[in-house]
Amino acid sequence: MEASVVAGAVAQVLPVEVGDVQRVGHPPLGRIEVPGILLGAEGALGKEIDKSLIQAGFSADQLVRIQGKDRYETSAAIAEIVGTSDGSAFIVTGENFPDALGAAGVAGKKGIPVVLMPSNHMNNSSLAVLERLDVQKVDVIGLNQTMYGLIKKELQELIPEVQVSSIRGVDR
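First, a word on scope: everything that follows refers to the structure included in this document. (Residues numbered from 1 in each chain as written. Predicted model: local features only at pLDDT ≥ 70, side-chain atom pairs only at ≥ 80, totals over all residues. Heavy atoms only, no water.)

### Side note on the environment of glutamine 136
Under the convention used in this document: Counting from the N terminus, the helices are DSSP H or I runs at least four residues long and the strands are E runs at least two residues long. The criterion used for residue contact is that any of the two residues' heavy atoms lie within 4.5 Å.
Locating glutamine 136 in the fold gives a position in the loop between α5 (124-132) and β7 (137-141). The spatial distance from the C-alpha of glutamine 136 to the C-alpha of valine 164 is 8.5 Å, given a sequence separation of 28 residues. For glutamine 136, the residues in contact, after removing those within four places along its chain, are Gly87, Glu161, Val162 and Gln163.

As structure tokens, this is what we get:
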């Protein structure tokens, strides 16, 4: 999901499966001149991916792994790289993917991060990255009114001047 945001900032997305790195409809990759960015720790993307990318034409020193101890820290690390083009960010729950998937394309186009959080509170890595990026406007995607209120309160305690709004529908 966040790969489209990173792609908008620095790279092209190559969907991969373990042992099968290829571009559908394109010839073999050959020598690659851009970095290979792996989003997630080895628990999410095993070493097999590194090996497959090297076999496909990347050199080992071109492979960069962006990771944290969990999905929230990984999300914060990605947000640090993406930055924010206009001082805004999207926040979505990291416990279910539809909201993040829906936000990713818009975030990539706008050059803003999608920051994951647990569904019932802001975690330290998410709060810290929003503060470091000096985010002034946050759109909370999904979440019910009660959870949105809790998240808004936490954000405004950390960043008093932040504008927080909610984007959600009746259902997904």
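### What to know about the sheet that holds strand β8 (residues 163-167)
Keep this limit in mind: Strand pairing is defined by DSSP finding a minimum of two bridges between the two strands. The angle between two axes is taken between their N-to-C directions and runs from 0 to 180 degrees, where each axis is a line fitted to C-alpha atoms and a helix contributes only its stretch in contact.
Pairing within the open sheet is parallel, and its four strands lie in the order β6-β5-β7-β8. The open sheet has two free edges, formed respectively by β6 (114-117) and β8, since each of these has just one partner strand. Averaged over all pairs of adjacent strands, the angle between strand axes in this sheet comes to 25 degrees, irrespective of strand direction. Its contacts with the sheet place α5 against β5 (88-93) and β6, and it is angled at close to 155 degrees to β6.

### Some points on helix α2 (residues 47-56)
Stated formally: Throughout this description, buried means an accessible area under 20% of the type-specific maximum (1.4 Å probe, protein chains only), exposed means over 50%, and partly exposed covers the range between. Think of it as the arc spanned by the lines of direction from the helix axis to the C-beta atoms.
For α2, the set of buried residues is Ile49, Asp50, Ser52, Leu53 and Ala56. The buried residues of α2 all sit within an arc of 165 degrees when viewed along its axis, so they share a single face. What points out from α2, more than 90 degrees from its buried face, is the exposed set Lys51 and Gln55.

### A closer look at unusual backbone geometry
Phi angles above zero are rare outside glycine, and aspartate 134 is one such case at about 55 degrees. Turning to its location among the elements, aspartate 134 is positioned in the loop between α5 and β7. With a phi angle near 50 degrees, leucine 143 is a residue other than glycine that sits in the positive phi range. With respect to the element layout, leucine 143 can be found in the loop between β7 and α6 (145-158). Leucine 143 gets classed as buried once you look at its relative accessible area, which sits at 14%.

### Comments concerning the pattern of salt bridges
Under the convention used in this document: Basic side-chain nitrogens of Lys or Arg form a salt bridge, by our definition, when they fall within 4 Å of a carboxyl oxygen of Asp or Glu.
With the rule as written, the count across this model stands at six salt bridges. As a salt-bridge pair, glutamate 80 and arginine 132 come within 2.3 Å of each other at their nearest N and O atoms. Of the two residues, glutamate 80 is situated in helix α3 (residues 71-82) and arginine 132 in helix α5; the sequence distance between them amounts to 52 residues. Arginine 132 sits in the exposed class, given a relative accessible area of 53%.

### Quick word on the pairing of β5
Counting buried residues in β5 gives six out of six residues, a clear majority hidden from the surface. The two faces of β5 match: Ser88, Phe90 and Val92 on one face and Ala89, Ile91 and Thr93 on the other face are all buried. Inspection of the sheet shows β5 paired to β7 by four bridges, in the parallel sense. Counterpart to phenylalanine 90 in the pairing with β7 is aspartate 139. Relative to β6, β5 runs parallel, the two being bridged by four bridges.

### Re the nonpolar core
Heads up, the rule is: What we call a nonpolar core is a set of buried Ala, Val, Leu, Ile, Met, Phe, Trp, Tyr and Cys residues that are connected through their side-chain atoms within 4.5 Å.
By size, the foremost hydrophobic cluster in this structure holds 22 residues, and its most contacted members are Met122, Leu130 and Leu155. Secondary structure elements with two or more residues in this core: α3, β5, β6, α5, β7 and α6. Here this core gets four residues from one element, more than from any other, and that element is α6. Residues contacting leucine 155, with those up to four places away along its chain left out, are Ile91, Met122, Leu127, Leu130, Val138, Val162 and Val164.

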